[in-house]
Amino acid sequence: MTQTIRFPDGFLWGASTSAYQIEGSPLADGAGPSIWQRFVHTPGNIRDGDTGDIACDHYRRWEQDVELMKQIGLQAYRFSINWGRVLPQGRGAVNQAGLDFYDRLVDRLLANGIKPMVTLFHWDLPEALDNQGGWLNRDIADWFADYARVMYGKLDDRVTSWATLNEPWVVADGGYLHGTLAPGHRNRFEAPIASHNLLRAHGAAVKAYREMGGKHDIGIVVNIEPKYPATNSPADVDAAARAHAYMNAQYLDPVFLGRYPEKIKDVYGEAWPEWPAEDFELIKQPIDFVGVNYYTRSVNKDDALAYPVRATPLRQTSATYTETGWEVYARGLTDTLTWVAQRYGNPPLYITENGAAFFDPPVAEGGRINDPLRVDYYQKHLRAIHDAIEAGVDMRGYCAWSLLDNLEWAHGFSKRFGLVHVNFATQERTLKDSAYYYRELIASNGKVL
Ligand SMILES: OC[C@H]1NNC[C@@H](O)[C@@H]1O
Ligand SMILES: [Ca+2]
């Protein structure tokens, strides 16, 4: 007998995007380039040579995109600010046209009853700051706080949900350790420094918000991927623990507990620096929520050669995998949410990203795009969230990744996560079946699950 699923009254239903992945027009109206401008225009970095030069052309089509949000019935829209659009040099002079773009977007969202959920940094660091060391320069905590103050000053009268960073782990791991993301460094000694400065910048921006008298919610968005040992051998259990410390605890432990997990030293070895104690006072500013981005889990086997965690994920034979090679494992979301709740004192949580890239069939006659695997993914993961709610986790809302098919970083446009299909040649948008399903879900506050 399927139970009647009830999400809490006031549960917030939204969808997410990020600036570089959808906006296009990276240098329009005085905007300064981000590190992604160089990275995508360096041959070999992005599949098919795709770039964010146009992407979903959202910078120019934003009004029709808000109409799409309305059509789906979104109650919230999570998006990020392109730092370089507002501060072309990353510091100093403000580009009024850049600020105006986000100002107009916020007003239009509110006029449509859609709550703006703003992320200050979603990977597009201004190139001018990277030229001064970027996340490797300790001064970036102040640069980021100054940028945050500009945005608070302009939007905090209407924006009531702020997130400092999106997924600091991806920035450090992709941008500084493996070099698969901008700025493309491959240096095991730089990665912890970048990661630590990201957390310092988070703390500085939260501190600035409190000092400014900010009264709304401010938090951090982290990706969490639960790590399960392949066997219960001590070697595999320890490998999973290293992987967990590296991807998960390395971020929320400093923010909530004011220290790194001990295991992280076992991951980095001699590449792990000692940190000044006052850094943790800055990092552990009290926050109002955690945004959790969940996609998948990994089952880990001990592997001395798999740097840096010395753990290798094992493919699960009976599982469904998405186009990005991620196992569909909704139970991992319940486990993730209960882990966060239990370890950090049951803070308010939002799922700020969850979704899947599957191969979508072409637009059928009548404009339908049948994406049953994506519908199934959402159904499974929302049920898993409901199980976490039943277990006492303080879930406040859910944002699907993503509103639109967009630039999936180094994958280019080849991986489609959208509820809405984008024809990148014509910029035509088409709601997929998953968008219609999501609309019913929102309208019934989850009852159709
Ligand atoms: O890989 C899917 C998403 N994951 N989190 C960060 C987003 O920018 C990605 O597109
Ligand atoms: Ca249940």
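Criteria and thresholds
- Residues numbered from 1 in each chain as written.
- Chains lettered and ligands numbered in written order.
- Predicted model: local features only at pLDDT ≥ 70, side-chain atom pairs only at ≥ 80, totals over all residues.
- Heavy atoms only, no water.
- Near = heavy atom within 4 Å.
- Polar contact = N/O pair within 3.5 Å; in protein donor to acceptor, adjacent residues only side chain to side chain.
- Areas by Shrake-Rupley, 256 points an atom, 1.4 Å probe, with all protein chains shown as cover.
- Nonpolar A, V, L, I, M, F, W, Y, C, P; charged D, E, K, R; others polar.
- Helix = DSSP H or I, 4+ residues; strand = E, 2+ residues; numbered from the N terminus.
- Expected span 1.5 Å × (residues − 1).
- Bend = angle between axes of the 7 residues up to and from the residue.
- Buried < 20%, exposed > 50% of the residue type's maximum accessible area, 1.4 Å probe, protein only.
- Contact = heavy atoms within 4.5 Å.
- Salt bridge = Lys/Arg side-chain N within 4 Å of Asp/Glu carboxyl O.
- Phe/Tyr/Trp six-rings, centres within 6.5 Å; stacked < 30°, edge-to-face > 60°.
- Lys NZ or Arg CZ within 6 Å of the ring centre and 35° of its normal.
- Core = buried A, V, L, I, M, F, W, Y, C linked by side-chain atoms within 4.5 Å.
- Axes fitted to C-alpha atoms, helices over the stretch in contact; angles between N-to-C directions.
- Left-handed = near helix turned anticlockwise from the far one by under 90°.

Asker: Report on the site of ligand 1, specifying residues and quantitative values.
Answerer: Surrounding ligand 1, one finds Gln21, His122, Trp123, Asn166, Glu167, Tyr295, Trp326, Glu353, Trp401, Glu408, Trp409 and Phe417. Between ligand 1 and Trp401, the relevant distance is 3.3 Å, taken from an oxygen atom to a side-chain nitrogen or oxygen of the residue. Here an oxygen atom of ligand 1 and a side-chain polar atom of Trp409 are 2.8 Å apart. Here ligand 1, which alone exposes 280 Å², has 95% of that area covered by the protein. Residues that form the shell around ligand 1 fall into these classes: six nonpolar, three polar and three charged.

Asker: Explain helix 10 (residues 234-257) residue by residue, including any values.
Answerer: Here helix 10 is 24 residues long, yet its end C-alpha atoms lie only 27 Å apart, well below the 34 Å a rise of 1.5 Å per residue gives. Most pronounced at Ala249, the bend in helix 10 amounts to some 60°. Where helix 10 ends, the next residue or the one after it, Gly258, has phi of about 70°, a positive value.

Asker: Could you give me a rundown of the environment of Asn197, with the residues and numbers involved?
Answerer: Topologically, Asn197 is positioned in helix 9 (residues 190-211). Asn197 sits in the buried class, given a relative accessible area of 2%. Separated by 25 residues in sequence, Asn197 and Ala172 place their C-alpha atoms 9.9 Å apart. Not counting residues up to four positions away in its chain, the partners in contact with Asn197 are Trp135, Leu136, Asn137, Arg138 and Ile140.

Asker: How would you explain the pattern of salt bridges if you had to name every residue and give the values?
Answerer: With the rule as written, the count across this model stands at 38 salt bridges. Across the salt bridge formed by Asp48 and Arg47, the nearest N and O atoms sit 3.6 Å from each other. With a closest N to O distance of 2.8 Å, Arg61 and Asp57 form a salt bridge. Relative accessible area serves as the criterion here: at 4%, Asp57 is assigned to the buried category.

Asker: Would you mind going over the packing of aromatic side chains in detail, with residue names and values included?
Answerer: Where two aromatic rings form a pair, the distance of their centres and the angle of their planes describe that pair. For the structure on display, the rule yields 41 aromatic pairs. Between Trp13 and Tyr438 the ring centres are 6.2 Å apart and the planes differ by 75°, which places this aromatic pair in the edge-to-face class. One end of the pair, Trp13, is in strand 1 (residues 12-16); the other, Tyr438, is in helix 15 (residues 433-443), with 425 residues separating them in the sequence. With respect to burial, Trp13 and Tyr438 carry one shared label: buried. Between Tyr228 and Tyr329, the ring centres sit 5.7 Å apart and the planes meet at 75°, which makes this aromatic pair edge-to-face. Linking Tyr228 in strand 6 (residues 227-229) with Tyr329 in the loop between strand 9 (311-313) and helix 13 (331-344), this pair joins segments that are 101 residues apart in sequence. By relative accessible area, Tyr228 is classed as buried at 19%. Each residue in the set Phe7, Phe11, Trp13, Tyr377, Tyr378, Tyr398 and Tyr438 is aromatic and connected to the rest through ring pairs, giving one cluster. Seen from the ring of Tyr321, Arg315 lies directly overhead, with NZ or CZ sitting 3.7 Å from the centre. Lying over the aromatic face of Tyr436, Arg368 brings its terminal NZ or CZ to 4.3 Å of the ring centre.

Asker: Give a detailed account of the nonpolar core, specifying residues and quantitative values.
Answerer: Taken as a class, soluble globular proteins show a tendency for nonpolar side chains to be buried jointly. By size, the foremost hydrophobic cluster in this structure holds 136 residues, and its most contacted members are Trp36 and Trp135. Apart from residues lying up to four places away in sequence, Trp36 is in contact with Tyr20, Ile46, Trp123, Asp124, Leu181, Ala182 and Trp409.

Asker: Pulling in residues and values, what's your account of the packing of helix 9 against helix 10?
Answerer: The geometry of helix 9 relative to helix 10 is characterised by a closest axis approach of 11 Å and an angle of 40° between their N-to-C directions. Considering only the axes of helix 9 and helix 10, their crossing is right-handed. The segment helix 9 lies against helix 10, with Ser195, Leu199 and His202 engaging Gln250, Tyr251, Pro254 and Val255. Looking at the contact of helix 9 with helix 10 residue by residue, the class counts come to four nonpolar, three polar and no charged.

Asker: Let's hear about the packing of helix 10 against helix 13: which residues, and what values?
Answerer: Where helix 10 meets helix 13, the axes come as close as 11 Å, and the angle between the chain directions of the two elements is 35°. Two packed elements cross with a definite hand, and for helix 10 against helix 13 that hand is right-handed. Contacts from His244, Asn248, Ala249, Leu252, Asp253, Phe256 and Leu257 of helix 10 reach helix 13 at Trp339, Val340, Arg343 and Tyr344. The residue inventory of the contact of helix 10 with helix 13, partitioned by class, reads seven nonpolar, two polar and two charged.

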